[in-house]
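Survey of secondary and tertiary structure
One-letter residues, chain by chain:
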Amino acid sequence: MANSSQRQLVLILDFGGQYNQLIARRVRECKVYCEVKSYTISIEEIQAMRPIGIIFTGGPNSVYLPDSPKADPRIFQLGIPILGICYGCQLLAYHLGGRVVDAQEDPAGASAREYGKTETLFDTSIRLFSGLPEKGVSWMSHGDYMAKAPDGFSLAAHSAVCPNVAIADESRGFYGVQFHPEVNHTENGIKMIHNFLYQVCGAVGDWTMEDYCKIAVRELREKIGDGRVLLALSGGVDSSVAAALLAEAVGNQLTCVFVDHGLMRKNEGDEVEAAFAKWNLNFVRVDAETRFLLKLAGVDEPEHKRKIIGEEFIRVFEEESKKIGRVEYLAQGTIYPDVIESGLGDAAVIKSHHNVGGLPDYVDFKEILEPLRLLFKDEVRELGRELGLPDYLVMRQPFPGPGLAIRIIGDITKEKADMLREADAIFREEMAAAGQDRLVNQYFAALTNMRSVGVMGDGRTYDYAVALRGVTTSDFMTADWARIPYEVLDRVSVRIVNEVPGVNRVFYDITSKPPATVELE
Ligand code: XMP
């Protein structure tokens, strides 16, 4: 679905900055719709999008290097306000006749490299900073220095070491800030973005989930007509919300296939099924435990497990689709972070995250539907609530496609899966009871392949050790181990060794990512 409702749009041009998605989320938090595009987008495409404002992101380069990413200079002739952040600010200066140099090579700027929190003084008569305190902390991260602002620009903020922390050309609505208003460390940063949107670009705040939901349902109805839709429902937040949206739009023209590979958490299948009971959709629950466990028997290499599960999932899905007959549309729960093109290419792959909602090669559908492709995760959750999905589904922590398979170190058996399911359920129950479930972004139990000696009653035991893992993170790319209170860990440990036969020891994983990963495999 495109931005077809004529809602206002802000374009974020990505120059490879690490915070590009954060900028987009901030803009949307201000109730303004935005899209992130690579800086290579053509000027014609930009014009066709009719943005009310443009934001240049930061980036790792120096503008004065010959092959650093640049903007098409015609962008400055469009009459559209621009906010340049960090590299984006230097780019504004570079293109419009200012001078940017390496701070260390310029006598005046020798000490003007700034990293981290910096006390800044703002000219609050400028629209970008209006209504703000004159003094505040801003988050800097720049090694280059703007030795001369372009003609027509005034200096709008300064710090003790840098005379031009921000520049402004109020008449054209062009602003550049050397710091990052999008990060929490910058005091009033969101207010600055809000000012740019509302005071400079004329935003009206027409991005709300209620509207989005109504429009999306209408558009899906128009598009699908009396066609049939198939969706692989994993029980995760994204595929669940996609299913609810489609169910709302086309009811029983939708078939959801939920493949239970026997490596789900305790009660997972029942919970998912119950959540969709209020819609008149076709819910197919496939009990495929035996065939998955058979394929996985004796396999202990993590990537091999992922591959087997991914392939088997596709086979099951394929068989079920054949039973359903001809369907015109295959729906997927793809969300915006998956589709944002980076301005500067891809990062290295550490694990082949096979998303079991993935697209089988054989598919022979008229079209793929991705009704969430414009939304960030928190917006997906909001939409889920809007559609009446229960909180336990909407607020669900991420659960990997291969499920417990990558939480059982080494080879997998049904006994081990059952043991882990019980231990994990106890951990989740106690975390929720202690109110920790909202504080820790992902937490789970894993079954180590280690057995050790213990004593229970009067007898010696030689049983498995369970590892508990809890992490705090915002993007799952890096994570810190969660400081779960000892009392909670204690209760979980006591309950697991008492209630789960075969387990006599419990560890808590205190490694962050990197060097560890979130999952143990
Ligand atoms: P790692 O272990 O790579 O995990 O630090 C980061 C996030 O990704 C999830 N994860 C997966 N998700 N298929 C998935 O759909 C996978 O194979 C997979 N492996 C890890 C993990 O749960 C965490 O949220």
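Quick notes on the rules
Residues numbered from 1 in each chain as written. Predicted model: local features only at pLDDT ≥ 70, side-chain atom pairs only at ≥ 80, totals over all residues. Heavy atoms only, no water. Helix = DSSP H or I, 4+ residues; strand = E, 2+ residues; numbered from the N terminus. Rg over C-alpha atoms; globule rule 2.2 N^0.38 Å. Buried < 20%, exposed > 50% of the residue type's maximum accessible area, 1.4 Å probe, protein only. Contact = heavy atoms within 4.5 Å. Areas by Shrake-Rupley, 256 points an atom, 1.4 Å probe, with all protein chains shown as cover. Lys, Arg positive; Asp, Glu negative; His and termini not counted. Charge placed at Lys NZ, Arg CZ, Asp CG, Glu CD. Phe/Tyr/Trp six-rings, centres within 6.5 Å; stacked < 30°, edge-to-face > 60°. Domains from an automatic or database assignment. Buried area = accessible area lost by both parts, 1.4 Å probe. Salt bridge = Lys/Arg side-chain N within 4 Å of Asp/Glu carboxyl O. Polar contact = N/O pair within 3.5 Å; in protein donor to acceptor, adjacent residues only side chain to side chain. Nonpolar A, V, L, I, M, F, W, Y, C, P; charged D, E, K, R; others polar.

**As for the overall build of the protein**
Helix and strand counts for the protein come out as 14 helices and 20 strands. Taking 2.2 N^0.38 as the reference for a compact globule, 521 residues should give roughly 24 Å; the C-alpha atoms of the protein span a radius of gyration of 26 Å, in line with that estimate. Oriented by its inertia axes, the alpha-carbon framework of the protein measures out at about 80 × 60 × 40 Å. Across the 521 residues in the protein, those meeting the buried criterion constitute 54%. Long-range pairs, those at least 24 residues apart, make up 76% of the contacts in the protein between residues at least 6 apart in sequence. In the form shown here, the protein has an accessible surface area of approximately 22,600 Å², with 49% of it arising from carbon and sulfur atoms. Considering the protein, the positive charge centre built from 56 side chains and the negative charge centre built from 74 side chains are found 2 Å apart.

**What to know about the packing of aromatic side chains**
In total, this model carries 16 aromatic pairs according to the counting rule given. Where Phe15 meets Tyr87, the ring centres are 5.9 Å apart and the plane angle is 50°; that geometry is what we call tilted. Residue Phe15 is located in the loop between strand 1 (9-14) and helix 1 (20-29), and its partner Tyr87 is located in helix 3 (residues 87-95); the two are separated by 72 residues in the primary sequence. Taken as a pair, Phe15 and Tyr87 share a single burial class, namely buried. Centroid distance Phe427 to Tyr443: 5.6 Å. Interplanar angle 80°. Geometry classified as edge-to-face. Taken together, the residues Phe427 in helix 13 (residues 414-433) and Tyr443 in strand 17 (residues 442-456) connect sequence positions 16 residues apart.

**Details of the domain arrangement of the protein**
Once the domains are mapped, the protein shows domain 1 (9-200), domain 2 (209-394) and domain 3 (413-509). Taken together, the contacts link eight residues of domain 2 with eight residues of domain 3. Summed over both sides, the interface between domain 2 and domain 3 buries roughly 700 Å², with carbon and sulfur atoms accounting for 46% of that surface. Linking domain 2 to domain 3 there are three salt bridges. Lys414 is the salt-bridge partner of Glu289, the closest N and O atoms lying 3.4 Å from each other. Counting across the interface, domain 2 meets domain 3 through five residue pairs in polar contact (both at pLDDT 80 or more). For the side of domain 2 that touches domain 3, the residue count by class is three nonpolar, one polar and four charged.

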